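# Coordinates in review
Listed below, chain by chain, are the residues.
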Amino acid sequence: MKRAWFVSAALLLAGCAVGPDYKKPTVEVPNAWRTSAAGASEVANTAWWQQFGDPVLDELIDTALRDNRDVRIAAARVDQFVAALQVTRSQFYPQVGYGIDASRSRASRIGQPPLPPGADPYFSLYQGALSASWQADLFGRVQRLSEAAQAQVYASQQARNGVVLSLVASVAGTYITLRSFDEQLQIARSTSDNFAESVRIFQLRYDAGSVSMSELSQVKSQFEQAQAAIPLIEQQIAAQENLLSVLIGRNAGPITRGRSLAELKAPAIPADLPSSLLLRRPDIVQAEQQLIAANANIGAAMALYFPTISLTGLVGSVSTAFGDWLSGPASAWQLAAGLSGPVFTGGAIAGQVAGAEAGERAALAAYQQTILQALRETNDALTGTEKRRAEAAAQARRVEALAEFARISRLRFDQGVSSYLEVLIAETELFSAQLAFAQTTAQYHTQLVSVYRAMGGGWVDLAAQRAPQPLANAAK
């Protein structure tokens, strides 16, 4: 009866982990975004980059998910935390080991006790034993450490998802920027060719005495302005190709092109409520798991105040003769139980508890800050998309108006109604407006990418399935 009571009490204590249990913090989340955008929530759970309608972009993202080194690093880190969890959980179980020793010794004849006269001082000793030890987790220290390690595993998995999220968005954004530079280069070369033809014509007119040197110089200046834009754009293209090469896990080099900037389609905008971010943004989930781990560490530190019970056992054989080593008379065994606990530590345990509590406060603040940052990023992305769309529409109208202005100015000059200065102004402004329109169009598309990057969604899990998996996941 007493034995049953003791076992029941031990089991009861084993389930009573000291320290605070985790409670999800209350977070104030707005009911809506600062700007409303038409869209559908389900698009956040699909491979949104395919909505651009560019198979080359799709292939680049697949290649990046497969070969990017940062994703592989993140997968390996998950395995590190899984291994740490396995080490922590091993403390729940008895530790069993073995040992085998063989030795040859000489005893001192004048030692204590001295050898009898005529006794052989040389002897052999053979030992073999199985040992087991177990420390009862009466106050939940190992349980809290296991909770913390498990939370760190979940946090590392979310960190990997965060790398996948960032990678997909970076590849899409870099590719769009690259296509924008391609468009700008085409504009610059086409404009330069047109201006070169103007220089040729004006040189002939100048030779014929129909235009002045001033007008010829203006045309040459216009041509050189277009020429000067080409090397800078080519350098920017090379830089984007190099960046994209690294993202897809290969040496710097040319990148295959797909649809032009004007042919890219605009993905739909997710229209979820702000509260959905708390469930699907990897960095928010990661921050909460780190908070859970910090909370569990408080209990692990507080458990150091309480005594620990250790049980050890050994069974084996000891003999001075190898032939008798495994015989019955050579058998030996030992059972032991120990109770130990702190009496005075000079504040060491209190310091560990205080440090764990401070870590929990820091993790809570980091979790709250991550949410605030996520809400800001999403609001910025949604607002930026709306404003860039309006800006791109205005830029398109400006290009159309300047094209008409340039056409009329050229006619007026050819008819002798105005000087070439009017043509120069019109065509220069048109050139700048065309470049600005290409830039703004790309910025609008990259803002759409930023919306998906900021809001997260089920698409992250879809992308993560295409990336290298942690070995711990593969083993399941």
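Every chain is numbered independently, its residues counted from 1 as its sequence is written. Local features in this predicted model are restricted to residues of pLDDT 70 or higher, and side-chain atom pairs are both shown and tallied only at a pLDDT of 80 or more, whereas totals for entire chains, interfaces and linings draw on every residue. To obtain the side-chain values, all non-hydrogen atoms of the structure were included, while hydrogens and water were left out.

Once that is clear, we can look at the environment of T88. By definition, any uninterrupted DSSP run of H or I lasting at least four residues is a helix, any uninterrupted run of E lasting at least two residues is a strand, and each is numbered from the N terminus. Tracing the chain through its elements places T88 in helix 3 (residues 69–89). Partly exposed describes any residue whose relative accessible area lies between the buried limit of under 20% and the exposed limit of over 50%, with all areas from a 1.4 Å probe on protein chains only and scaled to the type maximum. T88 sits in the buried class, given a relative accessible area of 14%.

What follows covers the sheet that holds strand 4 (residues 331–340). Following DSSP output, two strands are said to pair if at least two bridges run between them. Here four strands make up an open sheet; going across it, the order is 1-2-3-4 and the pairing antiparallel. Each end of this open sheet is capped by a strand with a single partner; those strands are strand 1 (95–106) and strand 4. Strand-to-strand twist across the sheet, computed as the mean angle between neighbouring axes with direction ignored, equals 20°. Of the pairings in the sheet, the one linking strand 1 to strand 2 (residues 122–136) comprises twelve bridges and is antiparallel in character. Within strand 2, the position partnered with Q95 by the bridge is S133. Axes here mean lines fitted to C-alpha atoms, for a helix over just the part in contact, with angles spanning 0 to 180 degrees between N-to-C directions.

Pairing of strand 2 with strand 3 (residues 308–319) involves eleven bridges; the strand directions are antiparallel. Its bridge partner lying in strand 3, W134 is registered against L311. Note: strand 3 against strand 4, ten bridges, orientation antiparallel. The residue of strand 4 that forms the bridge with T308 is S340.

To continue, consider a nonpolar patch on the surface. Like charges are joined within 9 Å and nonpolar side chains (Val, Leu, Ile, Met, Phe, Trp, Tyr) within 5 Å, but only among residues with over 30% relative accessible area and no salt bridge; these make up the patches. Exposure was quantified through the Shrake-Rupley algorithm and a 1.4 Å probe, taking into account, for residues, occlusion by the shown protein chains and nothing else. A side-chain nitrogen of Lys or Arg and a carboxyl oxygen of Asp or Glu constitute a salt bridge if their distance falls within 4 Å. A cluster of nonpolar side chains, namely Y98, I100, L130, V315, W333 and L335, defines an oily patch on the protein surface of about 810 Å² accessible area. When contributions to the nonpolar patch are tallied by element, the ones reaching two or more residues are strand 1 and strand 4. The topology assignment puts L335 in strand 4.

Moving on: the environment of T446. For T446, the location among the structural elements is in helix 9 (residues 420–455). With 156 residues separating them in the primary sequence, T446 and Q290 have C-alpha atoms 31 Å apart.

Formed by 59 residues in total, the largest nonpolar core has its most connected members in W48, V168, V171 and W459. Secondary-structure elements contributing two or more residues to this core are helix 2 (55–67), helix 4 (141–208), helix 5 (213–247), helix 9 and helix 10 (458–466). No other element matches the 17 residues that helix 4 contributes to this core. Note on contacts: a residue pair is in contact if any heavy atoms of the two residues lie within 4.5 Å. In this structure V171 touches L57, L60, I61, A64, L244 and L247, once residues within four positions along its chain are discounted. By nonpolar core we mean a set of buried residues, namely Ala, Val, Leu, Ile, Met, Phe, Trp, Tyr and Cys, connected to one another through side-chain atoms within 4.5 Å. Core analysis: the second largest hydrophobic core is formed by 20 residues, A287, A363, L375 and A454 among them.

So, on to the confidence of the model for the protein chain. Within the protein chain, residue pLDDT values average 88, and 93% of them lie at 70 or more. Summarising per-element confidence for the protein chain, the mean pLDDT is lowest in helix 1 (residues 2–14) (43) and highest in helix 2 (96). Values of pLDDT, the confidence the predictor places in each residue, fall between 0 and 100. Low pLDDT, under 50, characterises residues 1–14; the stretch is placed with six contacts to residues that sit more than four places away or in other chains.

To continue, consider the packing of aromatic side chains. Aromatic contacts are taken between Phe, Tyr and Trp rings whose centres are within 6.5 Å, Trp giving its six-membered ring; a plane angle under 30 degrees counts as stacked, one over 60 as edge-to-face, and the others as tilted. Counted according to the given criterion, the structure contains nine aromatic pairs. Ring plane angle 15° and centroid distance 4.9 Å describe the contact between W48 and Y452, whose orientation is recorded as stacked. Here W48 is found in the loop between helix 1 and helix 2, whereas its partner Y452 is found in helix 9, with 404 residues between them in sequence. You'll find W48 and Y452 in the same group, each marked buried. Measuring from centroid to centroid gives 5.5 Å for F202 and F413, while their planes differ by 15°, and the two rings are stacked. Taken together, the residues F202 in helix 4 and F413 in helix 8 (residues 348–414) connect sequence positions 211 residues apart. By relative accessible area, F202 is classed as buried at 1%. Relative accessible area serves as the criterion here: at 10%, F413 is assigned to the buried category. Connected via pairs of aromatic rings, a cluster forms that spans W48, W49, F52, Y452 and W459. Sitting over the face of the ring of F202, R205 holds its NZ or CZ atom 5.6 Å from the ring centroid. Consider the ring centre and the ring normal. A charge sits over the ring if Lys NZ or Arg CZ is within 6 Å of that centre and within 35 degrees of that normal.

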